[in-house]
Amino acid sequence: QRRDVEVLKLLKIEDSPELKLFKAVVSCRQNIAGWPDLFRDLFFNEKASFIHSRAYAFLKLENKRIDSFMPWEIKLFHAKDLLARGKRKEAIKLYEEAFKAGYKTIFKKTSETLKEYAFACLSAGLYREGAGYLIRLAGKLHGRANLDALEMEGRLYRKAGITVKAKILFGRVIDLTM
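The notes below deal with the structure included here. On a predicted model such as this, the values are computed, not experimentally measured, just so you know.

Quick word on the overall build of the protein chain
Logical step 1: Per the secondary structure count, the protein chain includes 11 helices and zero strands.
Logical step 2: Its helices and strands taken in sequence order, the protein chain reads α-α-α-α-α-α-α-α-α-α-α from the N to the C terminus.
Logical step 3: Taken along its principal axes, the extent of the C-alpha atoms in the protein chain is 60 × 35 × 25 Å.
Logical step 4: Across the 178 residues in the protein chain, those meeting the buried criterion constitute 45%.
Logical step 5: The contacts of the protein chain with a sequence gap of at least 6 include a subset with a gap of at least 24, amounting to 52%.
Logical step 6: Here the protein chain has roughly 10000 Å² of accessible surface; of this, 53% comes from carbon and sulfur atoms.

Quick notes on the nonpolar core
Logical step 1: One finds Phe 39, Leu 59, Phe 99, Phe 107 and Leu 137 to be the most contacted residues of the largest nonpolar core, which totals 53 residues.
Logical step 2: It is helix 7 (residues 88-106) that contributes the most residues to this core, eight residues altogether.
Logical step 3: Ignoring anything within four residues of it in the chain, the contact list for Leu 59 reads Trp 35, Phe 39, Phe 43, Arg 65, Ile 66, Phe 69 and Phe 77.

Some words on the pattern of salt bridges
Logical step 1: Scanning the model with the defined rule gives 14 salt bridges in all.
Logical step 2: Among the ionic pairs, Lys 80 bridges to Glu 116, the shortest N-O distance being 3.1 Å. Of this pair, Lys 80 sits in helix 6 (residues 71-84) while Glu 116 sits in helix 8 (residues 112-124), placing them 36 residues apart in sequence. For the pair formed by Lys 80 and Glu 116, the shared burial category is buried.
Logical step 3: What emerges from the salt-bridge pattern is a single network uniting Lys 20, Asp 41 and Glu 46.

What about the environment of Gly 171?
Logical step 1: Mapping Gly 171 onto the fold places it in helix 11 (residues 163-177).
Logical step 2: Exposure remark for Gly 171: the relative accessible area of 25% places this residue in the partly exposed category.
Logical step 3: Taking the C-alpha atoms as reference points, Gly 171 and Leu 150, separated by 21 residues in sequence, lie 9.7 Å from one another.

A few points about the packing of aromatic side chains
Logical step 1: Applying the stated rule across the entire model yields 13 aromatic pairs.
Logical step 2: With a centroid separation of 5.4 Å and 55° between ring planes, the pair formed by Tyr 117 and Tyr 133 is classed as tilted. Taken together, the residues span a long stretch of sequence, with Tyr 117 in helix 8 and Tyr 133 in helix 9 (residues 127-138) at a distance of 16 residues.
Logical step 3: One aromatic cluster is present, formed by Trp 35, Phe 39, Phe 43, Phe 58, Phe 69 and Phe 77 through successive ring pairs.
Logical step 4: Positioned above the aromatic ring of Phe 58, the side-chain terminus of Arg 65 is 3.8 Å from the ring centre.

Basis of the calculations
- Residues numbered from 1 in each chain as written.
- Predicted model: local features only at pLDDT ≥ 70, side-chain atom pairs only at ≥ 80, totals over all residues.
- Heavy atoms only, no water.
- Helix = DSSP H or I, 4+ residues; strand = E, 2+ residues; numbered from the N terminus.
- Buried < 20%, exposed > 50% of the residue type's maximum accessible area, 1.4 Å probe, protein only.
- Contact = heavy atoms within 4.5 Å.
- Areas by Shrake-Rupley, 256 points an atom, 1.4 Å probe, with all protein chains shown as cover.
- Core = buried A, V, L, I, M, F, W, Y, C linked by side-chain atoms within 4.5 Å.
- Salt bridge = Lys/Arg side-chain N within 4 Å of Asp/Glu carboxyl O.
- Phe/Tyr/Trp six-rings, centres within 6.5 Å; stacked < 30°, edge-to-face > 60°.
- Lys NZ or Arg CZ within 6 Å of the ring centre and 35° of its normal.

Honestly, it's all geometry; don't read function into it.
The following block contains the structure:
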């Protein structure tokens, strides 16, 4: 830990989730201004993996760490942890709770988390439930996030065997991108 800051200065962080986690942890330990934003970037913009489980476990070790985040952010962090550990149904519930309060922030840069939610619904067999949630969420979203919500909703309806709705949604996505 003593040399973490020295190592941090030598690294190019942009592409690797592992290095993003390292930078976030070191910044937190050293109380470098903006450290919570490094964790937000990791959780909002990277695909769910064991990196998120490790990051969430690190944040939970001390209340002052986890208390640096909004309740909806903590739910999103926990959802990514659960998804990475294969607990899809539990993750889906937390994603929905996080999206309810934080959708404007979560989908500001990327809709990766929305796709994860939809794929979790697909793999858990919650096709209609996931599509029903996405239809409500899509109306609040703009730009790429709205398109991704409509596309994922269509995929869920297609998997549920509701092909007419799926075709309509896929048609809307095409119309909006032309």
